[in-house]
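Understanding the architecture of this molecule
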Amino acid sequence: MIKLLKILIFILTTSFISSHLYASEVVRLENKIFDNSIYKPSKNEILELLKKEENNKYWYGLYLGNEKIGWAAIESRTYQSDKFNQPVFEMDGKFNLSVKVSGNDGTSFLSSTKFSLNEIYQANAPFKLIEHKENYQIDETESSISAEAQGLNFKIEYKDNDEKNSTEILLENLDYSLCDTLATYAWYANDTKKINDVVSNIEFSFQDLKYILTQNTIEEITKKKVSGVDFTYYKVNSLDRGEIEEENLSFQSLIDQDGLEIKFFIGDFELRLETEKNAKNTELVSDVFVDLGIVVENSFPTDFYDKNSSMVTYEVIGDASSIYKKGNHSYKVLEDGTKILTVGADENQDQFSLMENATIEQRKYYLNDTPSFPHNSKIVKDLSKEALLEEKNDVEKIFKLSEFVSDYVVDDYESNSLSVFDVIERKIGDCTEHTQLFVNLARAAGMPAREVSGWVYDGTNKLMPHAWAEVAVNTVDENFLWIPVDPTWNIVNPTNLIKAIKNESFLNKFSLKVRKIVYDDGKVIVY
């Protein structure tokens, strides 16, 4: 099912699990999203799908680029439940992956992830969701979400850090059923589709406690013979609409005429429908090394990190589509086709003049208290005050928070914290934990902040995947700008980074040549 596949990719593309904590123990949902393109299956359509999906099991191989890194299994069944005293329809998904990845210090380590999701619905109208469970295990750390219907409400229990942290929430006004979960499957099975046909459906996230509108558009229709049999499938572009445009999540899938996902893509991750035997054959995955770095074909100066640089200019060789091209990233293509990327400002430019404006909508959104960023928590607020020491100037606040987080979190490239509270307690982590703590502390201080990702120069001949933060700062006359901050390296407005378009900083689609470096002291190196 697409929902289960997307949750897996979400876990893969974020290196930590949400804390699932709200300041309030009771959360009331706003009414469900309504859109004219949402398909509303009939009772008979749902009953037909339940018969068809009864006791079905599908296996998928999980790939990163061309490397197989794990498998997924999704099954469904209908049965009489003693626990709920009624017929129920159960969907169960299990994912297992293990991959050797490289740390920023040049070493490699084996990281394992296991994830399971289980949902139980009424098998008769109105087909309501009655139980939801998620369990995540990343290396030695584990977290879970358990939700069960209690009358018109849901009781939800969140556990993380191997059950050291536990929170219960009463969720009111959840309106979710098989009419939402199976809507697109009913639509695909309904009649023949055409290119540019559009259908939308509603999903619900127990991570963020909100409805998500997904819009699906048929881009291509392919008819071919498979083992001598005529076979038709659709290439579908899908978009999960976020509260603001930059939070949108796009993905692609190949779907047969019955709505079954044959292949599913987000970024460089891919799930392929396979037999159980083939899906589990990961070809000795423990020996697979996934090289995620961007190669620098010439070299930085050996003393590059001995002093601060204000600008670095690169020649980009290959596909530059994953590179962010706003803010302090200037990108152009010369007449001869050479692609030039400049990060930062040269000696004749003002650094602030290059920064991206932070809109009112963005500033409001990135001050939200959410399960991932529970900055209204007393623990987070107290630590933010400790770091700032009553500082009033916003720019100085950034420097103090960056230095505080850099000192507070000890570098550990094999760490996987499950929440900001876990980071605060354990005080270890890589760029993800540094950034997670920084963003929470900044928001607790009333400063809109967000996580971004891309690549950082590792001191050898590569730029490696990296995460850092951006903070919206009022520079002058209510002109708010996004200021990049790397709390891992304790650098404000760093130029040793290249920002990626969201969900794109995974594989090396391009290489680089350094063309020019300008240092803060005025020294210039031209290649």
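The structure contained in this document is the topic of the report that follows. (Residues numbered from 1 in each chain as written. Predicted model: local features only at pLDDT ≥ 70, side-chain atom pairs only at ≥ 80, totals over all residues. Heavy atoms only, no water.)

The subject of this paragraph is the pattern of salt bridges. Taken as a whole, this structure holds 23 salt bridges when the rule is applied. We note a salt bridge from Lys-194 to Asp-197, for which the minimum N-O separation is 3.7 Å. Of the residues examined, Lys-194 reaches a relative accessible area of 54% and is grouped as exposed. Among the residues examined, Asp-197 registers a relative accessible area of 17% and is labelled buried. Between Lys-499 and Glu-470 there is a salt bridge, with the nearest N and O atoms lying 3.1 Å from each other. Pair noted here: Lys-499 is in strand β27 (residues 497–499) and Glu-470 is in strand β24 (residues 462–476), with a separation of 29 residues, a long-range link. Glu-470 shares its class with Lys-499; the two are buried. Connected through shared salt-bridge partners, Lys-83, Glu-131 and Glu-148 make up one network. (Salt bridge = Lys/Arg side-chain N within 4 Å of Asp/Glu carboxyl O. Buried < 20%, exposed > 50% of the residue type's maximum accessible area, 1.4 Å probe, protein only. Helix = DSSP H or I, 4+ residues; strand = E, 2+ residues; numbered from the N terminus.)

Our next topic: unusual backbone geometry. Each neighbour pair has its own omega, and for Ala-125 with Pro-126 the value is 15°, a cis peptide bond. If you check the backbone angles, Asn-196 has positive phi at about 80° while not being a glycine. Position of Asn-196 relative to the elements: it lies in the loop between α4 (183–190) and β10 (198–205). In this structure Asn-196 comes out as exposed when scored by relative accessible area, which is 58%. Not every positive phi belongs to a glycine, and Lys-427 is a case in point at roughly 60°. Along the chain, Lys-427 turns up in the loop between α9 (420–426) and β22 (428–429).

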